[in-house]
Amino acid sequence: MQLGRVVGTVVATRKEEELEGLRLLVVHELSTKLKETGKMVVAVDAVGAGTNEVVLYASGSSARQTRVTRDRPVDATIMAIVDQLELDGKVKFDKSADSTG
Amino acid sequence: MQLGRVVGTVVATRKEEELEGLRLLVVHELSTKLKETGKMVVAVDAVGAGTNEVVLYASGSSARQTRVTRDRPVDATIMAIVDQLELDGKVKFDKSADSTG
Amino acid sequence: MQLGRVVGTVVATRKEEELEGLRLLVVHELSTKLKETGKMVVAVDAVGAGTNEVVLYASGSSARQTRVTRDRPVDATIMAIVDQLELDGKVKFDKSADSTG
Amino acid sequence: MQLGRVVGTVVATRKEEELEGLRLLVVHELSTKLKETGKMVVAVDAVGAGTNEVVLYASGSSARQTRVTRDRPVDATIMAIVDQLELDGKVKFDKSADSTG
Amino acid sequence: MQLGRVVGTVVATRKEEELEGLRLLVVHELSTKLKETGKMVVAVDAVGAGTNEVVLYASGSSARQTRVTRDRPVDATIMAIVDQLELDGKVKFDKSADSTG
């Protein structure tokens, strides 16, 4: 999986019918320093992620191994909302400190 | 999935028989700023996309999870035509404003 | 799928037995301008492609969805020989004009 | 598979239920010179790897072929802890020499 | 598949049990000019490849389509030992000329 930040949404009325009802979120990939790498993906949301949240997403056939996405034409799925990222023994990211809510 | 813009078509009379009847579209990958990234793909069209339209396409085994492409030797499929792209709370792309038709 | 040009062949007598009888072609990936991108792949030929021909090849599990390659350990297959490539309404490549035969 | 070094962990309370109970480790990809390549992945731990250990991880559908990860939405799994890496006939890495424990 | 050169081996005693008995070889990816591209992979050996040999390896789910690797958590497998590479009608590599044995 990769780290990413949710930055937006895609609206599409004309689409493969198996995509009906899925939320399509725009995710910018992050490095372990939580900097944007320049890569992006449009991922299906399986966990109720919101804009600006740091998330984990899976790619490829693994993206279809959830209740929400099984057998659907999905190649990227947000699997988790990151609470804490610890690197070399130090907390590099803490969601409760990051958000204002 | 990735954002892309349909820029052309491929005609091939000599081909794997399982590709018969599929429309093969040339798609340039787009960044979230809707700039071309330099990557391209030849994707099967599952939604009736036209030239210049901004689309979403899936890659890998996920590209085969549609009625049009199931069990066919396809590794990229256009899954949706993008109506609107919203980033950081602002509409960055609106199909009705973009097209002249 | 990607565009490519067949540039050569690989001969291998010691190989996985499931590769027996398959033609292994060296393919240089092409951009939509038909310039080499610098990437290459050794692909199985499913359509009788010859040296110098512009082809479409599929990668990953999709490469195994043909009569020739089913259940074989193949991750790239030439699926079609390109007759014509049209971009932005103009013919950028025409096989009949390109070849001397 | 790729070589990597375990550099941290990810904590996520809100996640796809099929990820419950899995350890999520941050891994920096290594070259054969054991230098970081700049790529990273969040991988599920199948072997009890610890921080700073040099490991092998698999990606894609192969990441789901273990007892720990079968049918789970996982696209990267740590498969082995590297004891020794030998290149061109010389030992380039030896875990017993590398660790202080 | 990609061209590569076997440059070493990995020893790992603590590993996923499904990897038991498999030879893990370090492979440097090669261009069609047989120059190293800078990419590497740790691949399972399905054909008895030795150090310095030029090989073909498959990646992804295709790497599991051999007797040696079926259903195992393997994402790269050496499928063939290259005897000859012919580009643009010329022999660019000949194993019998390359090796001293």
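Higher on the page you've got the structure.
Predicted, not measured: the structure shown is a model, and the values here were computed from it.

Student: I'm lost on the interface of chain D and chain A in this one. Help?
Tutor: The figure often quoted for interface size is the accessible area lost as the parts come together. Listed by partner, the interface residues are 26 residues for chain D and 26 residues for chain A. Mapped by element, the contributors of at least two residues to the side of chain D that touches chain A are β1 (2-11), β2 (14-15) and β4 (36-45) of chain D. Per element, the largest residue contribution to the side of chain D that touches chain A is five residues, and it comes from β1 of chain D. Along the lines of polarity and charge, the residues of the side of chain D that touches chain A split into 13 nonpolar, five polar and eight charged.

Student: In this structure, what is going on with the relation of the copies chain D and chain A? I would like to understand it.
Tutor: What connects the two chain copies is a rotation about an axis and a shift along it. With an RMSD of 0.0 Å, the operation that places chain D on chain A is a rotation of 72° combined with a shift of 0.0 Å along the axis. Considering both components of the superposition, the chain copies are consistent with a five-fold axis. Comparing contact sets, just 8% of the residues at the interface of chain D also lie at the interface in chain A, consistent with a heterologous contact between different surfaces.

Student: So what exactly am I meant to see when it comes to the pairing of strand β4 (residues 36-45) of chain C here?
Tutor: On a regular strand, each side chain points to the face opposite its neighbour's, so the side chains alternate between the two faces of the sheet. All names here are of chain C. Strand direction decides the pairing type here: strand β3 (residues 24-30) and β4, joined by six bridges, are antiparallel. Its bridge partner being in β4, L25 is matched across the sheet by A43. Between β3 and β4, which pair antiparallel one after the other, the connecting turn spans five residues, and L34 there sits at a positive phi close to 65°. Here β4 pairs with strand β6 (residues 76-81) via two bridges, running parallel. Looking across to β6, one finds that V44 is bridged to T77.

Student: What is the right way to read unusual backbone geometry from this model?
Tutor: Peptide bonds are, in most cases, trans, and in most cases residues other than glycine have a negative phi. All names here are of chain A. Backbone geometry places L34, a non-glycine residue, at a positive phi of 65°. The residue L34 is located in the loop between β3 (24-30) and β4 (36-45) in this model. For L34, a count of 14 C-beta atoms within 10 Å puts it in the partly exposed group.

About the cut-offs
- Residues numbered from 1 in each chain as written.
- Chains lettered and ligands numbered in written order.
- Predicted model: local features only at pLDDT ≥ 70, side-chain atom pairs only at ≥ 80, totals over all residues.
- Contact = placed C-beta atoms within 7 Å.
- Helix = DSSP H or I, 4+ residues; strand = E, 2+ residues; numbered from the N terminus.
- Nonpolar A, V, L, I, M, F, W, Y, C, P; charged D, E, K, R; others polar.
- Least-squares fit on C-alpha atoms with pLDDT ≥ 70 in both.
- Pairing = 2+ DSSP bridges.
- Buried ≥ 20, exposed ≤ 12 C-beta atoms within 10 Å, placed from the backbone.

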